[in-house]
Amino acid sequence: VQLQASGGGLVEAGDSLRPSCAASGRTFSRNVMGWFRQAPGKERDFVAAISWPTSYPAYADSVKGRFTISRDNAKNTVYLQMNSLKYEDTAVYYCAARGNNIGVISRHPSQYYYWGQGTQVTVSS
């Protein structure tokens, strides 16, 4: 699985963005997909993930109620709808896949085998 993230940008606090992550390969639908973020000087943190085959979502407490993760298996794409953005959401956002046929969500970056290149999200206060 190869992942390509896009859709970041520079926005003001309170605005919305919807980064997407396009995956190559026929096994996208059998992967748990996750979004992580990393701010300068900080560790890579869990943001959201979506399971397969049930598409059950999980969120970090810091984004719950503001972010929504979704997937379109026909397009091999996972999305992260980000609303009510805050300055502290500023980071590079990475999409990741756990690996084929693993259906359980994990919040740990080490449990994800495939990674995209990241897309920068900058929120001005």
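Up top you'll find the structure we're talking about.
Residues numbered from 1 in each chain as written. Predicted model: local features only at pLDDT ≥ 70, side-chain atom pairs only at ≥ 80, totals over all residues. Heavy atoms only, no water.

### Re the overall build of the chain
Next up, step 1: In terms of regular secondary structure, the chain is built from zero helices and eleven strands.
Next up, step 2: Starting at the N terminus and ending at the C terminus, the chain contains elements arranged as β-β-β-β-β-β-β-β-β-β-β.
Next up, step 3: The C-alpha radius of gyration computed for the chain amounts to 13 Å, which stays within 12% of the reference 14 Å derived for 125 residues, consistent with globular compactness.
Next up, step 4: Within the chain, buried positions represent 44% of all 125 residues.
Next up, step 5: Taking the contacts inside the chain whose residues are at least 6 apart along the sequence as the reference set, 59% of them involve residues at least 24 apart. (Helix = DSSP H or I, 4+ residues; strand = E, 2+ residues; numbered from the N terminus. Rg over C-alpha atoms; globule rule 2.2 N^0.38 Å. Buried < 20%, exposed > 50% of the residue type's maximum accessible area, 1.4 Å probe, protein only. Contact = heavy atoms within 4.5 Å.)

### Description of the environment of alanine 39
Next up, step 1: By secondary structure assignment, the location of alanine 39 is in the loop between β4 (33–38) and β5 (44–50).
Next up, step 2: Spatially, the C-alpha atoms of alanine 39 and valine 121 are 9.8 Å apart, while their sequence positions differ by 82 residues.
Next up, step 3: The contact partners of alanine 39, leaving out residues within four places of it in the chain, are Thr90 and Ala91.

### Description of the layout of surface pockets
Next up, step 1: Estimates place the volume of the largest pocket at around 240 Å³.
Next up, step 2: Lining the largest pocket are Arg37, Gln38, Ala39, Lys42, Glu43, Asp45, Phe46, Ser62, Tyr87, Glu88, Thr90 and Ala91.
Next up, step 3: Of all the secondary structure elements, the ones that give two or more residues to the lining of the largest pocket are β4 and β5.
Next up, step 4: Its residues assigned to classes, the lining of the largest pocket shows four nonpolar, three polar and five charged. (1 Å grid on protein atoms, 1.4 Å probe; cavity = no way out; pocket = protein on both sides within 12 Å on 5 of 7 lines; lining within 4 Å. Points joined across faces, edges and corners; volume = space filled by probe spheres on them. Nonpolar A, V, L, I, M, F, W, Y, C, P; charged D, E, K, R; others polar.)

### Observations regarding the pairing of strand β7 (residues 67–72)
Next up, step 1: Alternating positions in β7 separate cleanly, Phe67, Ile69 and Arg71 being buried on one face and Thr68, Ser70 and Asp72 remaining unburied on the opposite face.
Next up, step 2: In the sheet, β7 pairs with strand β8 (residues 77–82) via six bridges, with the strands oriented antiparallel. Bridged to serine 70 within β8 is tyrosine 79.
Next up, step 3: Hairpin connection from β7 to β8: four residues lie between these consecutive antiparallel strands, with asparagine 76 at a positive phi of about 55°. (Pairing = 2+ DSSP bridges.)

Remember, this is a structural readout, not a statement about activity or role.
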